Amino acid sequence: MRRPAIEEVALSLCEKSILDCAHQAMDSLLQKFLEDATKDAASHLPIYHTIPPTSRVIQWVWDIREQVDGILRAVQNVSHLLADDVFHKWSDKIPHLLKEKLHQPLILRENNSIVVNFDDQLETVIREVKHLIRLRGESCLPEEAHSFYRQRDQLGEQRIVLKAIVDRYNELRAELLSIEMPLVQPVLHRMDALLLPGETNVIWSDEGVSEYLRNVEDSSLVIHSQVQVAKKNLREIQDLCYAWGNNEPILCEKALPLDLATLKTGDSVVDEELKPMMMDDGKRIHLLLQVEKINDIVQVNMK
């Protein structure tokens, strides 16, 4: 999209450059004329034959100023025409642009991740309107652009909330191990169900966008917390199971030959060595699984 605000600045700089060059040229010509006049050569100038020396200098300055003013007026007229043309081309496109971009869904899915679907051209329109109000006034702007600009704060808040939701979802997807997928897949399905309206029929111009995002935000926080707890519990259960395999055998070769008189039965060995460890670890695993059941109940109530 073209930038009328930047072109306005460029035109003003162009005018200033022309004016500076004109002043330099006039000063140079005036200096040359004065030098010639002091040498009594001014009387030979074809335009000022009948004018005495002092009046001749003043007349020359006036004529030069009139010529420079004419040039500047021409430049100013051209710059206004160019600026108006650029502005009208921009303003004519705004209604269609806003209608198209604001009727897009909030979320765009790319493979296993999602992104905020707020077009960069909408951000450019907000910035353009901000500067054009200063340069041309509010009354010159299309009503669609002015109405959209008044919603900039609300749109900004909605984008912040949606960005947090998107980042949270993508984080869960990216950090999920294949072994953890069966455990958290139901939770992700519920999250996908919450996001589906934002991918299909909830658009930026809807009045209920903020309410929808608040509901998704609250649910996504709970789901994200539950998934993190589930993954933590799964890792702890794995560590407990690995610990069983790392223990030394109850009957090892260094204890042989056994004293048959004092040898305990296999059952008594298990009761003494394994049962306490299995009971403690079993209770811990049971507690961790109970946490998952509680989370499932909470998730059902959220539906």
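- The name that an unreviewed UniProt entry assigns to the chain is Dynein beta chain, ciliary, with the source organism given as Trichonephila clavata.

**Focus: the overall build of the chain**
Here comes step 1: Looking only at helices and strands, one finds 8 helices and 2 strands in the chain.
Here comes step 2: The helix and strand sequence of the chain, counted from the amino end, reads α-α-β-β-α-α-α-α-α-α.
Here comes step 3: Across the 303 residues of the chain, 29% fall into the buried class.
Here comes step 4: Here the analysis covers contacts within the chain between residues at least 6 apart in sequence; of these, 75% occur between residues at least 24 apart.
Here comes step 5: Accessible area of the chain: about 19700 Å², with a carbon and sulfur share of 58%.

**With respect to the packing of aromatic side chains**
The relation between two aromatic rings is expressed through the spacing of the ring centres and the mutual angle of the planes.
Here comes step 1: In the structure shown here, the tally under the stated rule is 2 aromatic pairs.
Here comes step 2: Measuring from ring centre to ring centre gives 6.0 Å for F87 and W90, while their planes differ by 35°; the resulting arrangement is tilted. With a gap of 3 residues between them, F87 and W90 both fall in helix α2 (residues 53-102), about one helical turn apart. By the burial criterion, F87 is buried, and W90 matches it.
Here comes step 3: For the ring pair F118 and W204, a centre distance of 5.1 Å and an interplane angle of 85° mean the geometry is edge-to-face. Pair noted here: F118 is in the loop between β2 (113-116) and α3 (120-136) and W204 is in the loop between α6 (181-200) and α7 (209-246), with a separation of 86 residues, a long-range link.
Here comes step 4: R136 extends its terminal NZ or CZ atom over the ring of F87, reaching a point 4.3 Å from the ring centre.
Here comes step 5: Lying across the ring of Y149, R152 places its NZ or CZ 3.9 Å from the centre.

**Brief notes about the side chain of Q158**
Here comes step 1: Note on placement: Q158 falls in helix α5 (residues 152-175).
Here comes step 2: Judged by its relative accessible area of 5%, Q158 is buried.
Here comes step 3: Engagement of the side chain of Q158 in a polar contact is seen with the side chain of S210, the distance being 2.9 Å.
Here comes step 4: Sequence-distant contacts of Q158, defined by excluding residues within four places in its chain, comprise W204, V209, S210 and L213.

**Quick notes on helix α4 (residues 143-150)**
Here comes step 1: Listed in full, the buried residues belonging to α4 are A145, H146, F148 and Y149. For α4, the buried positions fall inside an angular range of 165° around the axis, keeping them on one side.

**Quick notes on unusual backbone geometry**
Here comes step 1: Backbone geometry places N111, a non-glycine residue, at a positive phi of 60°.
Here comes step 2: Its location among the elements puts N111 in the loop between β1 (107-110) and β2.
Here comes step 3: Classification of N111 by relative accessible area gives exposed; the value is 76%.

**Topic: the pairing of β1**
Here comes step 1: Of the strand pairs in this sheet, β1 and β2 are connected by 4 bridges, and their pairing is antiparallel. Counted as the bridge partner of I107 is V116 from β2.
Here comes step 2: Between the end of β1 and the start of β2, which pair antiparallel, lie 2 residues, with N111 showing a positive phi angle near 60°.

**Some details on the packing of α3 against α4**
Here comes step 1: Where α3 meets α4, the axes come as close as 10 Å, and the angle between the chain directions of the two elements is 105°. The angle between α3 and α4 falls in the class roughly perpendicular. In this structure, α3 contributes L122, V125, I126, V129, K130 and I133 to the contact, and α4 contributes A145, F148 and Y149.

**Regarding the nonpolar core**
Here comes step 1: Formed by 39 residues in total, the largest nonpolar core has its most connected members in W90, L106, F148 and L195.
Here comes step 2: Those residues in contact with L195 that sit more than four places away from it in its chain are I107, I114, I165, Y169, Y212 and V216.

**Remarks on the pattern of salt bridges**
Here comes step 1: Under the definition given, this model contains 11 salt bridges.
Here comes step 2: For K101, the salt bridge is made with E100, and the minimal N-O distance between the two is 3.7 Å.
Here comes step 3: Residue classification places E100 among the partly exposed positions, given a relative accessible area of 39%.
Here comes step 4: Several salt bridges converge on common partners, so that one network encompasses R109, R173, D192 and E199.

**What to know about α6**
Here comes step 1: Taking the largest bend as the criterion, α6 deviates by roughly 35°, centred on L194, and proline P197 comes between one and four positions later.
Here comes step 2: If you check which residues of α6 are buried, you get V184, Q185, V187, L188, M191, D192, L195, G198 and E199.

**A word on the environment of A145**
Here comes step 1: Within the element layout of this structure, A145 appears in helix α4.
Here comes step 2: In this structure, the C-alpha to C-alpha distance between A145 and V129, residues 16 residues apart in sequence, is 7.1 Å.
Here comes step 3: Beyond its immediate sequence surroundings of up to four residues, A145 is in contact with W90, I94, L98 and V129.

So, how was this worked out
Residues numbered from 1 in each chain as written. Predicted model: local features only at pLDDT ≥ 70, side-chain atom pairs only at ≥ 80, totals over all residues. Heavy atoms only, no water. Helix = DSSP H or I, 4+ residues; strand = E, 2+ residues; numbered from the N terminus. Buried < 20%, exposed > 50% of the residue type's maximum accessible area, 1.4 Å probe, protein only. Contact = heavy atoms within 4.5 Å. Areas by Shrake-Rupley, 256 points an atom, 1.4 Å probe, with all protein chains shown as cover. Phe/Tyr/Trp six-rings, centres within 6.5 Å; stacked < 30°, edge-to-face > 60°. Lys NZ or Arg CZ within 6 Å of the ring centre and 35° of its normal. Polar contact = N/O pair within 3.5 Å; in protein donor to acceptor, adjacent residues only side chain to side chain. Arc of directions from axis to C-beta. Pairing = 2+ DSSP bridges. Axes fitted to C-alpha atoms, helices over the stretch in contact; angles between N-to-C directions. Parallel < 35°, antiparallel > 145°, perpendicular 65-115°, else oblique. Core = buried A, V, L, I, M, F, W, Y, C linked by side-chain atoms within 4.5 Å. Salt bridge = Lys/Arg side-chain N within 4 Å of Asp/Glu carboxyl O. Bend = angle between axes of the 7 residues up to and from the residue.

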